[in-house]
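Report on the structure
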Amino acid sequence: MKINKITVTFIVNGQEVTLKVGSKERLLDTLREQLQLTGTKEGCSVGECGACTVILDGKAVPSCLILTGQIGGSEVLTIEGLEADGKLDPLQQAFIDYHAVQCGFCTPGMLMSAKALLIHNPHPSREEIRTALEGNLCRCTGYEQIIEAIESVAKNCQ
Amino acid sequence: MKFSEVNKPVKRVDAYEKVTGKAKFGADLFFPNMLYGKALHSKYPHAQIIKINTEKALTYPGVKAIITAEDIPNNKFGVIIQNQQVLAQEEVLYIGDGIAVVAAETKEAASEAIKLIEVEYKELPGIFDPEEAAKKDAPLIHSELEDNQVVHHRVRKGDVEKAFTQAEVILEREYTTQFVEHSYIEPEAIIAVPYEHNSLVTIYGSIQNPFSCRNAVANVLKVPLNKVRIIQNHMGGSFGGKDEVISSMAARAAVLALKTNQPVKMVNTREESILESYKRHPYKMKYKVGATKEGKLVAMEIKCIADSGAYACQTPFVTWRSVVQATGPYELPSVKTDTYGYYTNNIYTGAMRGYGSPQIVFAQESLMDELADELKMTPLELRLKNIYHNNSITASGQKLDNHQVSLEEVIAKAVKASNYIEKYIEYNKSQLGDKKRGIGMAVSFRGCSLGAEATDAAGAIVAIQRDGSILISSGLAENGEGLKTVFSQIAAEELGVDIKRINYMEVDTSVSPESGATVASRSTLLGGNAVKNAAQQIKRTITEMIADKFKVKSGDLVLRNENIYNKNNNQKIMSFDDAVDLANKLGVFLSAYGWYKAPDISWDEETGQGRPYFTYVYGCQIAEVEVDTATGQIEVLKMVAAHDVGRAINPVTLKGQIYGGIMMALGYGIMEEVEIASGYIKNTNFDEYLIPTIKDMPEIIPIIVENPDPHGPYGAKSIGEPTLELGAPAIANAVAQATGRRIRHLPLNLERVLLGHSLSKGGTKNDIL
Ligand code: FES
Ligand code: FES
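Reading the values: the criteria
- Residues numbered from 1 in each chain as written.
- Chains lettered and ligands numbered in written order.
- Predicted model: local features only at pLDDT ≥ 70, side-chain atom pairs only at ≥ 80, totals over all residues.
- Heavy atoms only, no water.
- Domains from an automatic or database assignment.
- Contact = heavy atoms within 4.5 Å.
- Buried area = accessible area lost by both parts, 1.4 Å probe.
- Salt bridge = Lys/Arg side-chain N within 4 Å of Asp/Glu carboxyl O.
- Polar contact = N/O pair within 3.5 Å; in protein donor to acceptor, adjacent residues only side chain to side chain.
- Nonpolar A, V, L, I, M, F, W, Y, C, P; charged D, E, K, R; others polar.
- Helix = DSSP H or I, 4+ residues; strand = E, 2+ residues; numbered from the N terminus.
- Buried < 20%, exposed > 50% of the residue type's maximum accessible area, 1.4 Å probe, protein only.
- Pairing = 2+ DSSP bridges.
- Axes fitted to C-alpha atoms, helices over the stretch in contact; angles between N-to-C directions.
- Parallel < 35°, antiparallel > 145°, perpendicular 65-115°, else oblique.
- Left-handed = near helix turned anticlockwise from the far one by under 90°.

1. Quick notes on the domain arrangement of chain B
Residues and elements named next belong to chain B. Once the domains are mapped, chain B shows domain 1 (15-21 + 457-597), domain 2 (31-124 + 188-267) and domain 3 (283-393 + 402-451 + 604-767). Computed from C-alpha atoms alone, the centre-to-centre distance between domain 1 and domain 2 is 38 Å. Between domain 1 and domain 2, the contact holds 19 residues from the first and 15 residues from the second. For the pair domain 1 and domain 2, the summed buried area comes to about 1,400 Å², and 46% of that belongs to carbon and sulfur atoms. Ionic pairing is found between Glu-514 and Arg-214, a salt bridge with its closest N-O pair at 3.6 Å. There are four residue pairs in polar contact (both at pLDDT 80 or more) connecting domain 1 and domain 2.

And the structure:
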């Protein structure tokens, strides 16, 4: 079987990468398997659970539905890129402080959706937070402490 | 009592790695030379396997090995009854049975190769209804057995027949519940590594119960337990679900790893996970209750039938919890309860958070509301007339005399916080428009830990290192609920040190003490006591060492705030670090193995009398809903949950358990159902199997009630499961008040609310009386 590979260049967590990828390779697999960025999780592969959420050019997207071959020139931010200069992103710290983490499998996706929200809307209402996180399933926390964590950051950056 | 580390909202000890993406879950592990395993599943729910031809698949580029049942040294396993096939031998018994497993160099090659395996089947008629399976002439699901019954448990108390003749009101009702998927967000993952560190095979992955997994794998491979090593990774949720299905996956991967002499990784897709993994048992429940006109219960007769699916799995114990708790927390002079499990060709069923209680609590709490209606009483009044108090006698004849029976307290607190009394009156008045509101309650008692299901003991190691840092290891596994944090808090409390000193090790079956399973919300109670016991031994060693050196009485020494003090004059004698240094110099051993065995319990299988659990927890939840009677849409507006937990070791992780449990209950009550038609599963991913999202959240008010239990560490009992068993009936009762119609079948989906029957199930109007 011959697989046609294409070369694609894009930015991941601030660093430019050039990779050879199969035409059907999903961004999720590129991140996890080629770049060893396993913080991005796979839960459903059909865009329903949000565990694979990354920020692509400022927008939260499910990386299981994105073909890597099509994102040349784009900028990707993953959970591994949230912590800057050894300092946790305020959202990460808030998730710890507000007990927004249980098993932690949904956490990277939740944080990326929350981050994308705050980039565009630093002071979201509770309802806006709920809308932004609608595509992220969590079976453990019942969501309450996740909302509280995000609200605390939204208030602090007033 | 004043505490320094427990009873406090200490932050999770494993949160940092989880918020940074550094935490490694099963699927995140990669080993050099690793192969990918993929299973071929059955095409039919019930069929004979005539022939399996793997030749073509073996020639597919990258394929290293293919195994079938022939290659499995011992093909049957199971925790209670060993009848689950690792791979189907002669017959497939359900749609998720595995037939062959391929190991290949890439995931793609493994997926392509399984398509090339040729299987010749002879389709067989199946049984998909446990009541059919119960019939005398029913074909046998397991041909080596005499009938299809997995188990039958009984409770017999008083003379039920006579009692019913004295009842002034008798109500008979039937309730049913559905198949439910655990829906842990992380699909199952396993990596088997051959010949690593003196073990025949080491297994990593999302393993809820490392010791049951080790038993299964060693049994399947026919090797001693010490040759198989299981190391648990971070778990992406389990809720009871990553047990037998993981054991089977681990056994398959182990056989392939030994065959190829390469690590083998298997990760399920969501579809594979839903198709293969066991579900929550659907129950059919017949309840008959008798009462006086004043609302005093006199008799209850109950028959519950559980669908066990193809295998026994946990059915014998799940239905046992049901038989103990089936009447609910109500005083009853006469009780006759029978719970049954039957094999069918449906997907098999097993442990899921609640474990045989959510079904019966739904029935019994719906029934109480129906009876209240009949007696023209409020649901609250009827319950208050009949609930357990201190020294009440349960249906099993157990006197509740060794702990505070706090039903009245949890009910009072939930009623107050929800404004239940006012709202109940308000919503009983006729409501204008399509949107109608209702409020409903549910209460329960729940036996802690395993009860008479199995021997109940746990161990833990606490080891102080040369520099004063501390390692804890226990056989109980962190499943995301916060167990590591709670155990670390307990060790820190006993040793009087900061929790930062402590590192809780992942479970490693070759190192950690076997502690039974992380099930039945038993971890805090059992494991917590074991950790406490180990820490106390070290404390004794330290105080004796210092007493000897400073010529003081060891009993006068206390460990607190990182120091050792003489409690008589509050003088600091030395710091904890100095004490560790001293022990290093003197050659004093600062590690201990703690052990805790639960108090004795008893059970008579014939009569169901005895002391099935050594203690109980109590809870009350109240739901407020709004039903759009034009669309059938239910919106849960508010849930109030009052739970007696004994003592909250960590109030914030505990609240997290309540929020999570309530949302899972909400899914159980109004959304979720694995739709199975003649053994085929229709909804295999989250686009069709819908679980609650952040948009479905009601306002949730958790109320923690603390009545310390003499058996628990610092009085703590359990919380994981009680939170989940009350939501569905509370919601169902609220919906009944809002709409004036009683739905006796879960889930309360749109069609049932709107039409009175379920379209997808081919239901009829008789669904609702
Ligand atoms: S894995 Fe991408 S949304 Fe679930
Ligand atoms: S914390 Fe487990 S799925 Fe969200």
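Back to the text.
2. What to know about the interface of chain B and chain A
Opposite the 55 residues of chain B that make contact, chain A presents 48 residues. A buried area of about 4,200 Å², summed over both sides, lies between chain B and chain A, and 59% of it is on carbon and sulfur atoms. By the criterion of area lost to chain A, the three top residues of chain B are B:Val19, B:Ile185 and B:Ile694, representing 18% of everything that side buries. One can count eight salt bridges joining chain B with chain A. Its salt-bridge partner being A:Asp29, residue B:Lys107 comes within 3.6 Å of it at the nearest N-O pair. For the interface between chain B and chain A, the tally reads 22 residue pairs in polar contact (both at pLDDT 80 or more). Residue composition of the side of chain B that touches chain A, grouped by class: 24 nonpolar, 15 polar and 16 charged.

3. Overview of the domain arrangement of chain A
Frequently, the measure chosen for interface size is the accessible area that the parts lose on association. Residue and element names in this part refer to chain A. As far as domains go, chain A holds domain 1 (5-81) and domain 2 (90-156). Put simply, the middle of domain 1 and the middle of domain 2, counted by C-alpha atoms, are 21 Å apart. Summing both sides of the interface, domain 1 and domain 2 together bury roughly 1,100 Å²; the carbon and sulfur share of this comes to 68%. Our count for the domain 1 to domain 2 interface comes out at zero salt bridges. In this assembly, domain 1 and domain 2 are joined by four residue pairs in polar contact (both at pLDDT 80 or more). For the side of domain 1 that touches domain 2, the elements supplying multiple residues, two or more each, are strand 3 (53-56) and strand 4 (59-62). When residues in the side of domain 1 that touches domain 2 are grouped by element, the largest group, three residues, is from strand 3.

4. As for the environment of B:Ser366
Residue and element names in this part refer to chain B. The residue Ser-366 is located in helix 10 (residues 357-374) in this model. Owing to a relative accessible area of 0%, Ser-366 belongs among the buried residues under this scheme. Sequence-wise, Ser-366 and Ile-731 are 365 residues apart; in three dimensions their C-alpha atoms are separated by 9.8 Å. Beyond its immediate stretch of four places on either side in the chain, Ser-366 contacts Tyr-175, Val-361, Asn-733 and Arg-742.

5. Brief notes about the environment of A:Ile150
Inspection of the secondary structure assignment puts A:Ile150 in helix 5 (residues 144-156). Remark: the alpha-carbon pair of A:Ile150 and A:Leu67, spanning 83 residues in sequence, is separated by 30 Å.

6. Details of helix 1 (residues 27-34) of chain A
Residue and element names in this part refer to chain A. With six of eight residues buried, helix 1 is to be regarded as a mostly interior element. Of the positions making up helix 1, those classed as buried are Leu-27, Leu-28, Asp-29, Thr-30, Leu-31 and Arg-32. After helix 1 finishes, the residue Gln-36 shows a positive phi value of roughly 55°.

7. Structural notes on the pairing of strand 11 (residues 189-194) of chain B
Residues and elements named next belong to chain B. Counting buried positions over the six residues of strand 11 gives six, a clear majority of the element. Residues Ala-189, Ile-191 and Val-193 line one face of strand 11 and the alternating positions Ile-190, Ala-192 and Pro-194 line the opposite face, and both faces are buried. One ladder, built from four bridges, connects strand 11 with strand 14 (residues 264-267); its direction is antiparallel. Looking at strand 14, one finds that Ala-192 is bridged to Val-264. Pairing geometry for strand 11 and strand 12 (residues 201-205), over five bridges, is antiparallel. In the strand pairing of strand 12, Pro-194 is matched with Val-201. Taken together, strand 11 and the strand that follows it, strand 12, pair antiparallel across an intervening segment of six residues, in which Tyr-195 is found at a positive phi of about 50°.

8. Let's talk about the side chain of A:Lys41
Relative to the assigned elements, A:Lys41 resides in the loop between helix 1 and strand 3. For A:Lys41, a relative accessible area of 1% puts it in the buried group. Of note is the side chain of A:Lys41, whose polar atom sits 2.4 Å from the side chain of B:Asp28. In this structure, A:Lys41 is in contact with A:Leu28, A:Arg32, A:Ala51, A:Cys52, A:Phe105, B:Ala23, B:Phe25 and B:Asp28, ignoring residues within four places of it in sequence.

9. Notes on the pattern of salt bridges
In total, this model carries 48 salt bridges over all chains according to the counting rule given. The closest approach of N and O atoms between A:Asp89 and A:Lys115, which form a salt bridge, is 2.8 Å. Separated by 26 residues along the polypeptide, A:Asp89 in the loop between strand 5 (75-77) and helix 2 (90-97) and A:Lys115 in helix 3 (residues 107-120) bring together distant segments of the chain. Judged by its relative accessible area of 9%, A:Asp89 falls in the buried class. When its relative accessible area of 22% is taken as the criterion, A:Lys115 is described as partly exposed. Among the salt bridges present, the one from B:Lys11 reaches A:Asp97, with a minimum N-O distance of 3.0 Å. A residue pair is termed interchain when its members come from two chains, as with B:Lys11 in the segment before helix 1 (15-19) and A:Asp97 in helix 2. Given the relative accessible area of 42%, B:Lys11 is considered partly exposed.

10. A word on the packing of helix 10 of chain B against helix 11 (residues 379-386) of chain B
Residues and elements named next belong to chain B. The N-to-C vectors of helix 10 and helix 11 enclose an angle of 110°; their axes lie 8 Å apart at closest approach. Judged by the inter-axis angle, helix 10 sits roughly perpendicular to helix 11. When the axes of helix 10 and helix 11 are compared, the crossing they make is right-handed. Contact residues: helix 10 offers Glu-365, Met-368, Asp-369, Leu-371 and Ala-372, while helix 11 offers Pro-379, Leu-382 and Arg-383.

11. Focus on the sheet that holds strand 32 (residues 699-705) of chain B
Residues and elements named next belong to chain B. Strand order in the open sheet formed by four strands is 18-28-29-32, with mixed pairing between adjacent strands. At either end of the open sheet lies a strand with only one pairing partner, and these are strand 18 (435-447) and strand 32. Going across the sheet, the axis of each strand differs from the next one's by a mean of 15°, ignoring polarity. Pairing analysis gives seven bridges linking strand 29 (residues 633-644) to strand 32, with the strands arranged parallel. What sits directly across from Met-639, in strand 32, is Ile-700. Each of strand 18, strand 28 (616-628), strand 29 and strand 32 is contacted by helix 12 (residues 407-418), which is oriented at about 25° to strand 28, the strand it contacts most. Against the sheet, helix 17 (residues 651-671) touches strand 28, strand 29 and strand 32, its axis set at about 130° to strand 32.

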